[in-house]
Number of protein chains: 2
Amino acid sequence: MVIRAGDVVTFGGPVRKDVAGYDLRSLFIGSEGTLGIITGAWLRLIPAPEASHTVIAGYRDFRSGVAGLGRVLAYGLTPATLEYFDEGCVGATRRAFPGGLSDDVNFLVLSETDGSAGEADRISDQLMDALKQDAVFLSRTHDPRATAALTRWRSGVSFAVSAQRGGKMSEDIVVPFDKLAAAIQMLGDLEAQFHLPSCSWGHAGDGNLHATFMVDAASPEEITRAELATEALFARALEMHGSVSGEHGLGWVKRSQFHRQFGPAEASLLMGIKLLFDPDNIFNPGKKVILPHE
Amino acid sequence: MVIRAGDVVTFGGPVRKDVAGYDLRSLFIGSEGTLGIITGAWLRLIPAPEASHTVIAGYRDFRSGVAGLGRVLAYGLTPATLEYFDEGCVGATRRAFPGGLSDDVNFLVLSETDGSAGEADRISDQLMDALKQDAVFLSRTHDPRATAALTRWRSGVSFAVSAQRGGKMSEDIVVPFDKLAAAIQMLGDLEAQFHLPSCSWGHAGDGNLHATFMVDAASPEEITRAELATEALFARALEMHGSVSGEHGLGWVKRSQFHRQFGPAEASLLMGIKLLFDPDNIFNPGKKVILPHE
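Keep in mind that this is a model prediction, so the values were computed, not measured.

> Any chance you could break down the relation of the copies chain B and chain A for me, citing the residues and the numbers?
Superposing chain B onto chain A takes a rotation of 180 degrees plus a shift of 0.0 Å along the axis, which leaves an RMSD of 0.0 Å. The two molecules are tied by a two-fold rotation axis, judged by turn and shift.

> How would you explain unusual backbone geometry if you had to name every residue and give the values?
The residue Lys 288 of chain A is not glycine, and still its phi comes out positive at about 65 degrees. One can find Lys 288 of chain A in the segment after α9 (264–277). In this structure Lys 288 of chain A comes out as buried when scored by relative accessible area, which is 0%. Even without glycine at this site, Asn 284 of chain B takes up a positive phi of about 45 degrees. Looking at the secondary structure, you find Asn 284 of chain B in the segment after α9 (264–277).

> How would you sum up the packing of aromatic side chains? Please name residues and give values.
For the structure on display, the rule yields 16 aromatic pairs over all chains. Sitting over the ring of Trp 252 of chain A, Arg 255 of chain A keeps its end group 4.1 Å from the ring centre.

> Before we move on, can you summarise the nonpolar core with the specific residues and values?
Counting residues in hydrophobic clusters, the biggest one holds 134 residues, and the most contacted among them are Leu 24, Leu 69, Ile 273 and Phe 277 of chain A together with Leu 24, Ile 273 and Phe 277 of chain B. Beyond its immediate sequence surroundings of up to four residues, Phe 277 of chain A is in contact with Ile 3, Arg 4, Leu 24, Leu 27, Phe 28, Leu 35 and Phe 283 of chain A together with Leu 269 and Ile 273 of chain B.

> Describe the confidence of the model for chain A, naming the residues involved and giving the relevant values.
Confidence along chain A averages 96 in pLDDT terms, with 100% of residues attaining 70 or more. As scored by the predictor, the complex reaches a pTM of 0.93 and an ipTM of 0.93.

> Describe the packing of helix α2 (residues 62–74) of chain B against helix α6 (residues 180–194) of chain B, with residues and values.
All names here are of chain B. Contact geometry of α2 with α6 gives a least axis separation of 10 Å together with a crossing angle of 155 degrees. Taken together, the axis directions place α2 and α6 in an arrangement best described as roughly antiparallel. α6 is crossed by α2, and the crossing has right-handed handedness. Of α6, the residues touching α2 (which contributes Phe 62, Arg 63, Val 66 and Leu 69) are Leu 180, Ala 181, Ile 184 and Gln 185. Each residue belonging to the contact of α2 with α6 can be placed in one class, and the counts come to six nonpolar, one polar and one charged.

> Tell me about the sheet that holds strand β5 (residues 107–115) of chain A, residues and numbers included.
Residue and element names in this part refer to chain A. Judged by pairing direction, the sheet is antiparallel, and its seven strands sit side by side in the order β6-β3-β5-β4-β8-β9-β7 without closing on themselves. The open sheet has two free edges, formed respectively by β6 (135–141) and β7 (166–171), since each of these has just one partner strand. On average, each strand axis in the sheet is tilted by 15 degrees relative to the strand beside it, whichever way the strands run. Looking at chain direction, strand β3 (residues 51–59) and β6 are connected through six bridges and run antiparallel.

> So what's going on with the sheet that holds strand β3 (residues 51–59) of chain B? Residues and values would help.
All names here are of chain B. Taking strand neighbours across the sheet as the criterion, the seven strands line up as β6-β3-β5-β4-β8-β9-β7 in an open arrangement whose pairing is antiparallel. Every interior strand has two partners, whereas the edge strands, β6 (135–141) and β7 (166–171), have only one. When the angles between neighbouring strand axes are averaged without regard to direction, this sheet yields 15 degrees. Strand contacts of α6: β4 (81–85), β5 (107–115), β8 (198–203) and β9 (208–216), with the helix running at about 10 degrees to β9, the strand carrying the most contacts. Lying over the sheet, helix α7 (residues 220–239) contacts β7 and β9, oriented at roughly 160 degrees with respect to β9.

> Which residues make up α7 of chain B, and what are the values?
Residues and elements named next belong to chain B. If you check α7, its first and last C-alpha atoms are 29 Å apart, about what 20 residues at 1.5 Å a residue would give, namely 28 Å. Along α7, the residues classified as buried are Glu 222, Arg 225, Ala 226, Ala 229, Thr 230, Ala 232, Leu 233, Phe 234 and Ala 237. Directly after α7, the chain includes His 241, whose backbone phi takes a positive value near 60 degrees.

> Help me get a handle on the interface of chain B and chain A, residues and values and all.
Each partner contributes residues to the interface: chain B has 60 residues there, and chain A has 60 residues. Together, the buried faces of chain B and chain A total about 4,800 Å²; carbon and sulfur atoms form 66% of this surface. If you sort the residues of chain B by the area they bury against chain A, Lys 17, Tyr 22 and Leu 269 of chain B come out on top, with a joint share of 19%. Inspection of the chain B/chain A interface yields six salt bridges. Of the charged contacts in the structure, one is a salt bridge between Asp 206 of chain A and Lys 17 of chain B, with a shortest N-O distance of 3.6 Å. Across the contact surface, chain B and chain A share 26 residue pairs in polar contact (both at pLDDT 80 or more). Of all the elements, α9 of chain B adds the most residues to the side of chain B that touches chain A, at 10 residues. Partitioning the side of chain B that touches chain A into residue classes produces 26 nonpolar, 20 polar and 14 charged.

So, how was this worked out
Residues numbered from 1 in each chain as written. Chains lettered and ligands numbered in written order. Predicted model: local features only at pLDDT ≥ 70, side-chain atom pairs only at ≥ 80, totals over all residues. Heavy atoms only, no water. Least-squares fit on C-alpha atoms with pLDDT ≥ 70 in both. Helix = DSSP H or I, 4+ residues; strand = E, 2+ residues; numbered from the N terminus. Buried < 20%, exposed > 50% of the residue type's maximum accessible area, 1.4 Å probe, protein only. Phe/Tyr/Trp six-rings, centres within 6.5 Å; stacked < 30°, edge-to-face > 60°. Lys NZ or Arg CZ within 6 Å of the ring centre and 35° of its normal. Core = buried A, V, L, I, M, F, W, Y, C linked by side-chain atoms within 4.5 Å. Contact = heavy atoms within 4.5 Å. pLDDT = per-residue confidence, 0-100. Axes fitted to C-alpha atoms, helices over the stretch in contact; angles between N-to-C directions. Parallel < 35°, antiparallel > 145°, perpendicular 65-115°, else oblique. Left-handed = near helix turned anticlockwise from the far one by under 90°. Nonpolar A, V, L, I, M, F, W, Y, C, P; charged D, E, K, R; others polar. Pairing = 2+ DSSP bridges. Expected span 1.5 Å × (residues − 1). Buried area = accessible area lost by both parts, 1.4 Å probe. Salt bridge = Lys/Arg side-chain N within 4 Å of Asp/Glu carboxyl O. Polar contact = N/O pair within 3.5 Å; in protein donor to acceptor, adjacent residues only side chain to side chain.

What follows is the structure in structure tokens.
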């Protein structure tokens, strides 16, 4: 990694364990290019899984679906993916769902299991068991064409949601898993408060929501209203001991959240680390860590 | 965590994902109390495995054994443990080994697999397959009494090695896995060079060696010689792109290695981070990161 005015440093390396220094490798990961320029990396490769299965379950409402997700975690299962799609997403994509969805399905859980053939089977058996209570439908496949059709539907969710009103404002908040139902409910509350249709989907097993307000992209007033709703969304996520970003970082769009997510002591540490690596603030300035004058 | 002169900061938390700031949680882990005092932590619990198996293989020499370990990694297996014991360890514990060891066994591989019953079975099947070539013996058990007997033997290795000459100097170097055989060979070279009996054992899958010189604890001359041999050991580990510590950190004993493991630019970053959290150098001073005046 090139840091400061051109010093080259190496941390990590080809060893699997190393506790001689502080874990600076983890510090670099997700630093959004704000600490320096990574010029080389060792990658650890793992074998492709032998088998994979896809399990999908439909529910009447989010409370039944989230209860099923809770059972998946309580069973100690480790599927490769564990996602949910709320009523707004299901409504926007009902006709595109492979084979169609009956009108009483308003919440979907989609999960993939992988590993050895036996392990993918075992986990998907237990997933089916964990998800069956109150499910309107529950099915499993390892047929490549059926899986590809589901993946195609999944890939279209974001576009279908955008198409509802021409635009959307979507943020990747994260909450502790036990707050997932509360976070979905909270988004409904904000919809009512700000008069903006909303929906969410995401990586349920991680408590990671793509919380979305659907907006008329041609209406500046509506966009301003969505920005206010998003500010409220971030505040609620933090009240739930969550974070404003589960996977996309702060970047430029969420830079204003830096001093909300972190208190003065935490912010001063993050700023100190930024300036230690980049005293001239030349590496992707104004992102991730917001300095006092920025 | 309490840092500086008493500021309380919180990083991490009950969420499974969070990329809003830099990963300071990983920075704290393994910091040996040098950055502050951790006063609270969230722990992520995982279910106890349903089943576990122990596989043990004996070889005539370390090259055959390390080749077997290489096949375990090449198969992409993920046993819970994957350990080795070289000729010196086997010699020191031959009579204590459950059921005895024949004289032609000079190198042991011990591995545990766990998970669901099916997965523990599957991995141990593949382990047996990966380890069988050139093995003098190869066996597997999931009998609790046989496993306990092996664990008792394993726990005694360090004591049996110490008992050979009354003392030992043992360091937890780590090397990239593909350098494991070279590291075992290198220890033999240092034994010849410094006229000190040596042995090693460790977490083979991680390339982590407990590289040991057996010394007469009553001989100051011999202890000095072992210290020189250990310095040479660290230098060779670093030449192999390894580290002076795979798991125990630097502490007080290995503090002199700080400026060998890290170049000036890396050391300045580590010192900068230390002083950012602990400007008065009050948290476990003189460990992990060695400041200029220390």
